[in-house]
Amino acid sequence: MALFFFLIFESPPKVRLVRGPHRCEGRVEVERNGEWGTVCDDGWNMKDVEVVCRELGCGAAKGTPSGNLYKPLADEKQKIFIQDVNCNGTEDELIECDRVEDVFDCSHSEDAGAICEKSPPKVRLVRGPHRCEGRVEVERNGEWGTVCDNGWNMKDVEVVCRELGCGAAKGTPSGNLYKPLANEKQKIFIQDVNCNGTEDELIECDRVEDVFDCSHSEDAGAICEIPETVRLVGGPGRCKGRLEVKHQKQWGTVCKAGWHLSAAKVVCRQLGCGKATLIKRCCDKDTQGQGLIWLSNVSCSGREEDLQHCLSGLEGYNNCTHDEDTWVECEDPFKLRLVNGDTSCSGRLEVLHKGIWGSVCDDGWAKKEEQVVCQQLGCGKPIFVPAKARKKFVPGDGRIWLDDVHCKGEEQSLEQCQHRSWGYHDCNHKEDVVVFCLEGQPDI
């Protein structure tokens, strides 16, 4: 029986947005005969931007800024291809709109710009230590599937890193390094990915979408550098302080206007800190910043992986002063350990909260909870150990931080499991949880 598959070749858009914070904002450029030129802003309006956003696969049109806001400016030698663009707003491509192609009375000081909502990435990295490393998954019709590693190379990873807003591509590991492995029922969507390394999204690369000879043992992985685009400064640690963001290689503050807890949650998650605990309306004179104020009116759902994925006013354009700089406080990163065991992979479970180590009560504790602990510590799988061996551990004598912990078994951290509020319990230390992982099996 003959087997057939199809290579997907999609013609790239004839328009792009350059020098903006992401691919859905910037100075407008159009392509003609392999050359890119700018667009004069005579007659440029929101209907024209709607078409640009649609052609690029971005979200809703949000603004028509001057192209001069996006530095560096266009080179004097770059041509201005079109002016007097007149779209009705329903076209799929800018080339379908009425326009004047003989430009004679415009300069680059009149280059058009566009702001679209940034569409969520169609690719993600899962089960890694951070959002920029892990097993590669792509989204199709609301479902996530893996990528076969046939032909997978650094050029493909470069595109993934760019689409996710991560740093430089660093490696092409096997997706099997990231536990737990993909469920057998999860689909493998694409294979034989072939990027040239310059694409903005993985979907722009040639690929085979009818996968018939791959298994999850061949899932692709990717490692990207973590870009430092957000930081908290002036506080007692890296998880508390004045919020600053990096734009155009310069750090600036964030105005309190429009700032809410949902945005603070995104910042804390992006920094690898614990949950957001406090949002000061602004800094005092000793902690306020100097220089640029990059963002204001930031609007997040709280589920974004990166503050750049939230809506905000145009970078650098606001009426704020440093008296309105935003201050954010997050809990310290969630940590756990196993103590008094023969190895670091066996012992009484302790978690760190507010700088103090405390134990976990065994109410409701079972195999799925132990599975999460062992995985988080990099200690393999949990193993059954007789009660006799567990009794040798001396109970704790300090805080009991957690009780009624319930996990699904797939969480990457015990912090993601359901539990009672920190410090609330009905236990004593005779009920402290003891965990044995495969790499810490006692000699019994």
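Model, not experiment: these values are computed from the prediction.

> Help me understand the overall build of the chain, please; the structure alone is not making it clear to me.
Assigned secondary structure in the chain consists of 5 helices and 25 strands. Overall, the chain is about 90 × 75 × 30 Å in size when its C-alpha atoms are taken along their principal axes. Summarising the internal contacts of the chain: among those between residues at least 6 apart in sequence, 70% fall at separations of at least 24. Of the roughly 22600 Å² of accessible surface on the chain, a fraction of 48% belongs to carbon and sulfur atoms. Looking at the chain, you have 56 positive and 76 negative side-chain charges, and the mean spots of the two groups are 7 Å apart.

> Just to check I follow, could you spell out unusual backbone geometry for this structure?
For residues besides glycine, phi is generally negative; the peptide bonds are generally trans as well. K71 connects to P72 through a cis peptide bond whose omega is -5°. As for its placement among the helices and strands, P72 is situated in the loop between β4 (61-63) and β5 (80-86). The phi dihedral of D84 is positive, around 50°, even though this residue is not glycine. With respect to the element layout, D84 can be found in strand β5. Look at R127: it is not a glycine, yet its phi comes out positive at around 70°. The partly exposed category is assigned to R127, whose relative accessible area is 23%.

> Whenever I open this one, the UniProt feature "domain: SRCR" (unreviewed entry) in the chain confuses me. Can you help?
Mapped onto the present numbering, the UniProt feature "domain: SRCR" (unreviewed entry) falls on residues 15-117, 123-225, 230-331 and 336-438. As annotated, residues 15-117 has a helix share of 11% and a strand share of 33%, and its two end C-alpha atoms lie 16 Å apart. A distance of 16 Å separates the end C-alpha atoms of residues 123-225, which is 10% helix and 33% strand.

> Please explain the pairing of strand β17 (residues 250-254) as it appears in this structure.
Sheet faces and side chains relate simply in a regular strand, where the side chains alternate between the two faces. Here 4 bridges tie strand β16 (residues 240-247) to β17, and the two strands are oriented antiparallel to one another. Across the sheet, H247 pairs through a bridge with Q250, a residue of β17. Hairpin connection, β16 to β17: the antiparallel pair is bridged by 2 residues, and Q248 has positive phi, about 50°.

> Even after reading the chapter, I still don't get the pairing of strand β1 (residues 15-18), so can you show me in this structure?
For β1 and strand β2 (residues 25-32), the ladder comprises 4 bridges, and the chain directions are antiparallel. The residue bridging R16 from the neighbouring strand is E29, located in β2. The antiparallel pairing of β1 with β2 creates a hairpin that spans 6 residues between the two strands, and R19 there sits at a positive phi of about 70°.

> Please explain the pattern of salt bridges as it appears in this structure.
Oppositely charged side chains can pair when the atoms bearing their charge come close. Evaluated as defined, the whole model comprises 22 salt bridges. Among the salt bridges present, the one from K187 reaches E143, with a minimum N-O distance of 3.8 Å. Placement of the pair is K187 in the loop between β11 (169-171) and β12 (188-194) and E143 in strand β10 (residues 143-147), with a sequence separation of 44 residues. R348 is paired through a salt bridge with E350; the nearest N and O atoms lie 2.9 Å apart. Across the pair, exposure class does not vary: R348 and E350 are buried alike. Within the structure, one salt-bridge network assembled from shared partners comprises D403, D404, R420 and D426.

> How should I be thinking about the packing of aromatic side chains in this particular structure?
Aromatic ring pairs are defined here through the distance separating the ring centres and the angle between the ring planes. Inspection of the entire model under this criterion finds 2 aromatic pairs. With centroids separated by 6.0 Å and ring planes inclined at 55°, the aromatic side chains of F334 and W422 adopt a geometry described as tilted. Taken as a pair, F334 in the loop between β20 (327-330) and β21 (335-339) and W422 in the loop between β24 (399-402) and β25 (434-436) lie far apart in primary sequence, 88 residues in all. The pair F334 / W422 is uniform in exposure class, with both members buried. Summarising the aromatic geometry, the rings of W401 and W422 are spaced 6.1 Å apart at their centres and angled 75° between planes, so their arrangement reads as edge-to-face. Here the residue W401 occupies a position in strand β24, and W422 occupies one in the loop between β24 and β25, the gap between them amounting to 21 residues. The pair W401 / W422 is uniform in exposure class, with both members buried. Within the aromatic cluster, the residues linked to one another by ring pairs are F334, W401 and W422. The ring of W144 has R124 sitting right over it, with the charged end atom 4.1 Å from the ring centre. Above the ring of F189, the side-chain terminus of R140 is found at 4.0 Å from the ring centroid.

Calculation rules
- Residue positions are given per chain, counted from 1 along the sequence in the order it is written.
- Totals for whole chains, interfaces and linings use all residues, but because this is a predicted model, local features are given only for residues with pLDDT of at least 70 and pairs of side-chain atoms are given and counted only at 80 or more.
- The side-chain figures draw on all heavy atoms in the structure; neither hydrogens nor water molecules are used.
- A run of H or I in DSSP becomes a helix once it reaches four residues, and a run of E becomes a strand once it reaches two; helices and strands are each numbered from the N terminus.
- Any pair of residues with heavy atoms lying within 4.5 Å of one another is described as a contacting pair.
- Method for areas: the Shrake-Rupley scheme with a 1.4 Å probe, in which residue coverage is limited to the protein chains shown.
- Positive charges come from Lys and Arg alone, negative charges from Asp and Glu alone, with His and the N- and C-terminal ends not counted.
- Where a charge lies is defined by one atom per residue type, namely NZ (Lys), CZ (Arg), CG (Asp) and CD (Glu).
- Think of it in three bands: residues with accessible area under 20% of the maximum for their type are buried, residues over 50% are exposed, and the middle band is partly exposed, with areas taken using a 1.4 Å probe on protein chains only.
- UniProt positions are given in the numbering used here, feature names are shortened, and annotations may be inferred rather than shown by experiment.
- The pairing criterion for strands is at least two bridges between them, as found by DSSP.
- Here, a salt bridge means any side-chain nitrogen of Lys or Arg that lies within 4 Å of a carboxyl oxygen of Asp or Glu.
- Geometry of aromatic contacts follows a simple scheme: Phe, Tyr and Trp rings, the Trp one being its six-membered ring, pair when their centres are within 6.5 Å, and the pair is stacked under 30 degrees between planes, edge-to-face over 60, tilted otherwise.
- In our convention, an over-ring charge means Lys NZ or Arg CZ found within 6 Å of a ring centre and within 35 degrees of that ring's normal.

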